[in-house]
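Structural overview for review
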Amino acid sequence: MCDTCGCDDVLSPTETVNRIINVEQNILSKNNDYAKVNRDHFIKRKILTINLLSSPGSGKTTLLQNSISSLKSDINMSVIIGDQQTDNDMQRIAKLDVPALQINTGKGCHLDATQIARAVKELKVQDGSLLFIENIGNLVCPSLFDLGEAFKVVMLSVTEGSDKPLKYPDMFHAADIMILNKMDLLPYVDFDVEKCIEYAVRINPNVKIFQLSASKCRGLEPWLQWLREMSVKSFN
Amino acid sequence: MHELSLCRQILGIIEDRVALEGFSMVSKIVIELGQLACVDKSTLSFCFEISSEDTKANRAKIEFLDIPGIAKCNYCDKNVRINHYADLCVHCDNILTDIISGEEMNIKSLEVQ
């Protein structure tokens, strides 16, 4: 008898029956599950995790170097750095005597939650510390992959276009913080700060914005103060 | 190209289902895709064709169900169709804060044998 409708037709052994399986599952659910495990671990261990994102060359590593130099006497910190190739950025961070681990993704264009779980274990990230994750320089793919971080910080420099928030809306929509970097170069470039902020706020009305020059250490204090405040909240 | 990573995630979900439901082949994958989701349909289909070789989903067709982008305006309290996160309310020209739909990226169902 037919399995599908109960009729008397007999199916030959070679015939197959299609059936529908309801799945109703987010494509990213596996990564999201791992991210949740990371997030629970970070909360339990009082680890404040910042996922730093930008295009290549916006100044992520320089911001980290100068932020770490300013904060390391008060806060325990460690850094996970993602790049397709080389450990150049890790070498720059390691000079500051903070634990740093390089993840080379090879062909991969973003970090995912399982890579972070492994790195946290390998780095032996301390309880009550600040963990920076410098993501791969890319404004598209990393926006999709939750790592379990407390905050996504997207960085944009004034040597790029003012309309970058409009061009890469997913990233700016996902971010909690936007840092406008290389402000010292503003007199030399055609960058409209007001327009850029207007676009960013239209895409993400809750985004908090810092304007600074990481390499010249100008305007860094509000950003550092925010990190201090968030650290105190996370560590207590 | 994150679509390739998404294909790996899709194949992972299918593998889990094979273990649960015991099928030998997937002929169709129905994906709900929000219009605001950061996914290109043709790239995803292309990447899937390549990454599903030697799996039970080899030659499976992907069917997309489009979910429109809708935001609720907190100023005029109306629901508004949007194509972009930067779109303003068409009724009162204010910034939209609450996305109601359009970010979906779900495997809805599998047709299997």
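Refer to the structure above for everything that follows.
Residues numbered from 1 in each chain as written. Chains lettered and ligands numbered in written order. Predicted model: local features only at pLDDT ≥ 70, side-chain atom pairs only at ≥ 80, totals over all residues. Heavy atoms only, no water.

If you check helix 1 (residues 2–21) of chain B, its first and last C-alpha atoms are 28 Å apart, about what 20 residues at 1.5 Å a residue would give, namely 28 Å. Each element contacted by the buried residues of helix 1 of chain B is listed here: strand 1 (19–26) and helix 1 (29–44) of chain A together with strand 1 (26–34), helix 2 (41–51) and strand 6 (105–112) of chain B. Just beyond helix 1 of chain B, the residue with positive phi is Gly22(B), at close to 60°. (Helix = DSSP H or I, 4+ residues; strand = E, 2+ residues; numbered from the N terminus. Expected span 1.5 Å × (residues − 1). Contact = heavy atoms within 4.5 Å.)

At the junction of the two partners, chain A supplies 30 residues and chain B supplies 36 residues. When the buried area of chain A at its contact with chain B is split by residue, Ile21(A), Ile27(A) and Arg202(A) rank highest and sum to 24% of it. For Glu21(B), the salt bridge goes to Arg19(A), with nearest N and O atoms at 3.8 Å. Where chain A touches chain B, the interface holds 14 residue pairs in polar contact (both at pLDDT 80 or more). (Buried area = accessible area lost by both parts, 1.4 Å probe. Salt bridge = Lys/Arg side-chain N within 4 Å of Asp/Glu carboxyl O. Polar contact = N/O pair within 3.5 Å; in protein donor to acceptor, adjacent residues only side chain to side chain.)

On to the sheet that holds strand 6 (residues 151–157) of chain A, then. Residue and element names in this part refer to chain A. In space, the seven strands of this open sheet follow the order 4-3-5-2-6-7-8, with parallel pairing throughout. The open sheet has two free edges, formed respectively by strand 4 (100–104) and strand 8 (208–211), since each of these has just one partner strand. Averaged over all adjacent pairs, the angle separating strand axes in this sheet is 20°, with direction ignored. (Pairing = 2+ DSSP bridges. Axes fitted to C-alpha atoms, helices over the stretch in contact; angles between N-to-C directions.)

With that settled, consider the side chain of Thr105(A). Residue and element names in this part refer to chain A. You can see Thr 105 is positioned in the loop between strand 4 and helix 4 (113–123). For Thr 105, a relative accessible area of 14% gives the class buried. A distance of 2.8 Å separates a polar side-chain atom of Thr 105 from the backbone oxygen of Gly 108. Here Thr 105 is in contact with Asp 83, Gln 84, His 110, Leu 111, Gln 115 and Ile 136, once residues within four sequence places are set aside. (Buried < 20%, exposed > 50% of the residue type's maximum accessible area, 1.4 Å probe, protein only.)

Residues and elements named next belong to chain A. In this structure, Leu 101 sits in strand 4. For Leu 101 and Lys 164, which are 63 residues apart along the polypeptide, the C-alpha to C-alpha distance reads 30 Å. Setting aside its immediate chain neighbours within four residues, Leu 101 contacts Val 79, Ile 80, Ile 81, Met 90, Ala 119, Glu 122 and Leu 123.

Further remarks concern the sheet that holds strand 3 (residues 69–72) of chain B. Sheets are built from strands that pair by backbone hydrogen bonding, the pairs being arranged parallel or antiparallel. Residue and element names in this part refer to chain B. As summarised here, the arrangement of the three strands in space is 4-3-5, forming an open sheet in which the pairing is antiparallel. Since the sheet does not close on itself, it has two edges, and those belong to strand 4 (79–82) and strand 5 (98–101), each with one partner. Neighbour-to-neighbour, the strand axes of the sheet open up by a mean angle of 40°, direction not taken into account. For strand 3 and strand 4, the ladder comprises four bridges, and the chain directions are antiparallel. Paired with Ala 71 across the strands is Val 80, a residue of strand 4.

For the rest of this paragraph, the subject is the packing of aromatic side chains. Residue and element names in this part refer to chain A. In the structure shown here, the tally under the stated rule is four aromatic pairs over all chains. Between Phe 151 and Trp 226, the aromatic rings sit 4.9 Å apart at their centres with planes inclined by 70°, giving edge-to-face as the arrangement. Of the two residues, Phe 151 is situated in strand 6 and Trp 226 in helix 8 (residues 221–235); the sequence distance between them amounts to 75 residues. What makes Phe 151 partly exposed here is its relative accessible area of 21%. Relative to Trp 223, the ring of Phe 210 has its centre 6.0 Å away and its plane inclined at 70°; by these criteria the two rings are edge-to-face. Pair noted here: Phe 210 is in strand 8 and Trp 223 is in helix 8, with a separation of 13 residues, a long-range link. By the burial criterion, Phe 210 is buried, and Trp 223 matches it. An aromatic cluster is built from Phe 151, Phe 210, Trp 223 and Trp 226, whose rings are joined through pairwise contacts. (Phe/Tyr/Trp six-rings, centres within 6.5 Å; stacked < 30°, edge-to-face > 60°.)

Attention shifts here to the pattern of salt bridges. All names here are of chain A. In the structure shown here, the tally under the stated rule is 19 salt bridges over all chains. Measuring nitrogen to oxygen at the nearest pair gives 3.5 Å for the salt bridge that ties Lys 195 to Glu 198. With a gap of three residues between them, Lys 195 and Glu 198 both fall in helix 7 (residues 193–203), about one helical turn apart. Three or more residues are tied together by salt bridges with common partners; here these are Arg 39, Asp 146, Glu 149 and Lys 152.

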